[in-house]
Amino acid sequence: MEITVTGRHVTVPERFRRHIEEKLSKVPQLDPRVSRCDVVVTHEANPRQAKEAERIEITCHAKRSVIRAEASADDLYGALDVAMTRLGERLRRTSDKRRVHRGRKQPTSVHDATSTLNFPPSSEDADSNPLPADVAKVGGDEDCPIHIREKVHTSTPMGVDQALNEMELVGHDFYLYQDAETGRACVVYRRRGWSYGVIELDIVEESPAANTA
């Protein structure tokens, strides 16, 4: 496995390079398909960010997939340990994604699937901090405390395996896509442990009788 180490705003010591190579030597055990690992070491000179001055970014290139992990700390060794922990978790998830089965088990609810997601806090002073263009009030009511952030991303129809790869690539816990076989809107998401779930949207047209009721 090829390993490249690059420093940004910092010269990476040879001793730390060897330490990185020793840590990454365990990657093939988690995913034998990984052929190359790129490591970027960044130093932040801003004293206000001293607690996150050292940043480690690791990108593993495997067959038809890319797995990334990054972390920041006040020292290089601490940042590398955290980044390796995250990388190991994502490598296991990527390796186990072949075990995903559709239709046999009822997935958990959307509430349970998204309960661990961290949403950005709302502004305490809406008047002095106007909302961005992609954030709207519910129903257009300016007095409503609920904000909805809208985002549109381009995509092409794909299968569940490719959707899982895309989810791991962006580092999210869920991924919205259009199924290439059924044409339905679907969401893949992480469940407990190393299992995944798939939610499909089946559109049911409302009958004329219901409209006149």
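Residues numbered from 1 in each chain as written. Predicted model: local features only at pLDDT ≥ 70, side-chain atom pairs only at ≥ 80, totals over all residues. Heavy atoms only, no water.

A. How the structure looks around the sheet that holds strand E8 (residues 185–190). The strand order E7-E8-E9 describes an open sheet built from three strands, whose pairing is antiparallel. Of all strands in the sheet, those with a lone pairing partner are strand E7 (174–178) and strand E9 (196–200), marking the two edges. The average angle at which neighbouring strand axes cross in this sheet is 20 degrees, direction not considered. Inspection of the sheet shows E7 paired to E8 by five bridges, in the antiparallel sense. Bridge pairing in E8 links Leu176 to Val187. The strands touched by helix H5 (residues 160–170) within the sheet are E7, E8 and E9, with E8 carrying the most contacts at an inclination of about 55 degrees. (Pairing = 2+ DSSP bridges. Helix = DSSP H or I, 4+ residues; strand = E, 2+ residues; numbered from the N terminus. Axes fitted to C-alpha atoms, helices over the stretch in contact; angles between N-to-C directions. Contact = heavy atoms within 4.5 Å.)

B. Representation of the sheet that holds strand E4 (residues 65–73) within the structure. Taken in spatial order, the four strands of this open sheet run E1-E2-E3-E4, and their pairing is mixed. Single-partner strands in this sheet number two, and they are strand E1 (2–8) and E4. Strand-to-strand, the axes of this sheet are offset by a mean angle of 15 degrees, without reference to chain direction. Bridging between E1 and strand E2 (residues 36–43) involves seven bridges; their strand directions are parallel. Paired with Ile3 across the strands is Cys37, a residue of E2. Lying on the sheet, helix H1 (residues 14–24) is in contact with E1, E2 and strand E3 (54–62); it crosses E2 at an angle near 140 degrees.

C. Main features of the environment of Glu181. Counting through the fold element by element, Glu181 comes out in the loop between E7 and E8. Sequence separation of Glu181 and Pro157 is 24 residues, and the distance between their C-alpha atoms is 8.4 Å.

D. Looking closely at the pattern of salt bridges. If you walk through the whole model with that rule in mind, you get ten salt bridges. Two residues, Arg33 and Asp31, come together in a salt bridge whose shortest N-O distance is 3.1 Å. According to the relative accessible area criterion, Arg33 is partly exposed, its value standing at 25%. By relative accessible area, which is 1% here, Asp31 ends up buried. For the salt bridge of Glu200 with Arg184, the shortest nitrogen-to-oxygen distance reads 3.0 Å. Placement of Glu200 in strand E9 and of Arg184 in the loop between E7 and E8 is noted, with a sequence separation of 16 residues between them. Judged by relative accessible area, Arg184 falls into the partly exposed class, the value being 32%. Taken together, the shared-partner salt bridges connect Arg55, Glu57, Arg68 and Glu70 into one network. (Salt bridge = Lys/Arg side-chain N within 4 Å of Asp/Glu carboxyl O. Buried < 20%, exposed > 50% of the residue type's maximum accessible area, 1.4 Å probe, protein only.)

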